[in-house]
Amino acid sequence: MLGVVPASTADLQLPDDVRSGGGRRWPAPLAGVVASAAGLGAAELVGGLVDRAPSLVTAVGDTVVDHVPLWLERAAISLFGTHDKQVLLAGVLLVALALGAGLGVLAQRRPALGAAGFAVAGALAAWAALGDPRRSAPWTLAVAVLAVVVGVAVLRALLGRAALLAVPASTAGQELARRSFLVAAGGTAALAVLAGVGGWLLSGRDRVEQLREAIRLPRPAQPAAAPGTGLDVPGLSPLYTPNDSFYRIDTALRVPGVDTADWSLRVTGMVDRPFSLSYADLMAMPQVEADVTLSCVSNEVGGDLVGTARWQGVRLRTLLDRAGVQAGAEQVLGRSVDGFTAGFPVQVALDVENALVAVGMNGQPLPIDHGFPARLVVPGLYGYVSATKWLTEIELTTWGVQGYWVPRGWSREGPVKTQSRIDVPRAGSSVPAGRQAVAGVAWAPTRGVQRVQVQVDDGPWTDARLAPSIGDDCWRQWSLAWDATPGEHRITVRATDGTGEVQTDRRTQVAPDGASGYPVVEVTVDG
Ligand SMILES: Nc1nc2c(c(=O)[nH]1)N[C@H]1C(S)=C(S)[C@@H](COP(=O)(O)O)O[C@H]1N2
Ligand SMILES: [Mo]
């Protein structure tokens, strides 16, 4: 890869001070960083080209997530929010490069030890990746070996050039050696970045995206009513959240790109007749449509981790009836191709009519980020206990088995709390005095929303106007005309669900089972 390095340079019988760069400190760590980057870049490229080969960086990140203590995971999530994944991957990369720098320094004095260091790092990465059921062990080992071989070869070549730097020579000769080292290091680093980025982009996602775009959803046997239109207030959340602005929450460092040809959905565990469906089988089953609001247990009061879509798919109940749920089964546990699990009571699966194995979202095949080719959607439950994306197995089991988030400190059951949100005016905004719209959404999936009330400062609770309901599983838009008077004002909202219960004003954190309390926005009304 590096061209003209004389293979013999590293073996020259050089005096020790010359071998170590003649007192120069920067070439060895730089060579190590570039060597590490080259090894990783080569590995990522193969990981991207071959579906069965892993991304080592992602695998290490996944393993870190699986093993960090709870408090650290919580701290990271609260510090970085939904950017926690990028921060983690960047951290893994930084550690790998720093390790490379250290090994570069070591290799300059003890080449064999430097190479051994790369081998150990490669073995650890392979170990991290071997746990992933989507990758094959031979490909995982091949990628790790490739990373080590490329890393060691680049290190050896660059250190050879670094050694030339110290060979006594004219100033011009020195300058030439320096330049040659820098060109080699820079060129290799650029190739490494290209390979890494290329691998990332190629990681199967594009191919799966093309496959997905070619899919036509079957016409639902039971179409939902014509989509509701909703209120027309500027700044108010649309009744249906467009797919590309629908919130996304998952643990996947690299979104699984699932080829429908390799995919199946198994119904297993405590059932009389376990079975397996191909994508075509699932698409051929009677399809229904349902408008359902999905929300995340991590949604803060007033937050945006909530959205509504028209989902299409097969009723979960249909699949469970076909399998024959055995007495004693307590939990329906969805399992993703990436190992994520989420479970909820069997009774919910049987009672909630619109619990679906969804293949469509707002008229499109499920987007990759939202679980292509199939996911669960269960009205009334937070996503972390129900809405398994990239679904591949539905297991009937007892509570002895815990879904992904339960041992991490979240409640075993996660019914969605009645909540509301003020979209207009925006918190902290300034509005002119006079008639102003106050508007937002409120949701209590499966129970429905029958009333929304708004309070300005310490005034009376006033009923807002509700948009026509599009079903109890969905949020409801609301709005109210407000005569805004100059000064600072506080607007508070609360919803009443279909059973007559008013949303609680008791403020709680998101953990362990969802935030509660009234949303409040403060605005300035200009005089
Ligand atoms: N495979 C998988 N499915 C998952 C998750 C996950 O981490 N992995 N997260 C769940 C959580 S916590 C939520 S809130 C919803 C979010 O679905 P969305 O990203 O389509 O909005 O997906 C659920 N399904
Ligand atoms: Mo969530």
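Computed from a predicted structure; not experimentally measured.

### A short note on the environment of Leu366
Alright, step 1. By the element assignment, Leu366 lies in the loop between strand E8 (364-365) and strand E9 (375-377).
Alright, step 2. In this structure, the C-alpha to C-alpha distance between Leu366 and Glu213, residues 153 residues apart in sequence, is 10.0 Å.
Alright, step 3. Apart from residues no more than four positions distant in its own chain, Leu366 is found in contact with Arg212, Trp311, Ala358, Val359, Gly360, Met361, Gly371, Phe372, Pro373, Ala374 and Arg375.

### Topic: the pairing of strand E19 (residues 520-526)
Alright, step 1. Where burial is concerned, the two faces of E19 differ: the one with Val521, Val523 and Val525 is buried and the one with Val520, Glu522, Thr524 and Asp526 is not.
Alright, step 2. The pairing of strand E12 (residues 430-432) with E19 spans 3 bridges and is parallel. Residue pairing across strands places Ser430 opposite Thr524, the latter belonging to E19.
Alright, step 3. Sheet topology places strand E18 (residues 487-497) next to E19; 6 bridges connect them, and they run antiparallel. Note that in E19 the partner of Thr492 across the bridge is Val520.

### A short note on helix H8 (residues 171-202)
Alright, step 1. Along its 32 residues, H8 runs 46 Å from first to last C-alpha, staying within 8% of the 46 Å computed at 1.5 Å per residue.
Alright, step 2. Among all positions in H8, only Gln174, Ala177, Phe181, Ala184, Ala185, Thr188, Ala192, Ala195, Gly196 and Gly199 are buried.
Alright, step 3. Gly204 sits one or two positions beyond H8 and adopts a positive phi of about 90°.

### Some details on the UniProt feature "transmembrane region" (unreviewed entry) in the protein chain
Alright, step 1. The UniProt record marks residues 87-106, 113-130, 136-159 and 180-202 with the feature "transmembrane region" (unreviewed entry), using the residue numbering of this structure.
Alright, step 2. Split by type, residues 180-202 is 100% helix and 0% strand. Its first and last C-alpha atoms lie 32 Å apart.

Reading guide: rules and limits
Residues numbered from 1 in each chain as written. Chains lettered and ligands numbered in written order. Predicted model: local features only at pLDDT ≥ 70, side-chain atom pairs only at ≥ 80, totals over all residues. Heavy atoms only, no water. Helix = DSSP H or I, 4+ residues; strand = E, 2+ residues; numbered from the N terminus. Contact = heavy atoms within 4.5 Å. Buried < 20%, exposed > 50% of the residue type's maximum accessible area, 1.4 Å probe, protein only. Pairing = 2+ DSSP bridges. Expected span 1.5 Å × (residues − 1). UniProt positions renumbered as here; feature names shortened; annotations may be inferred.

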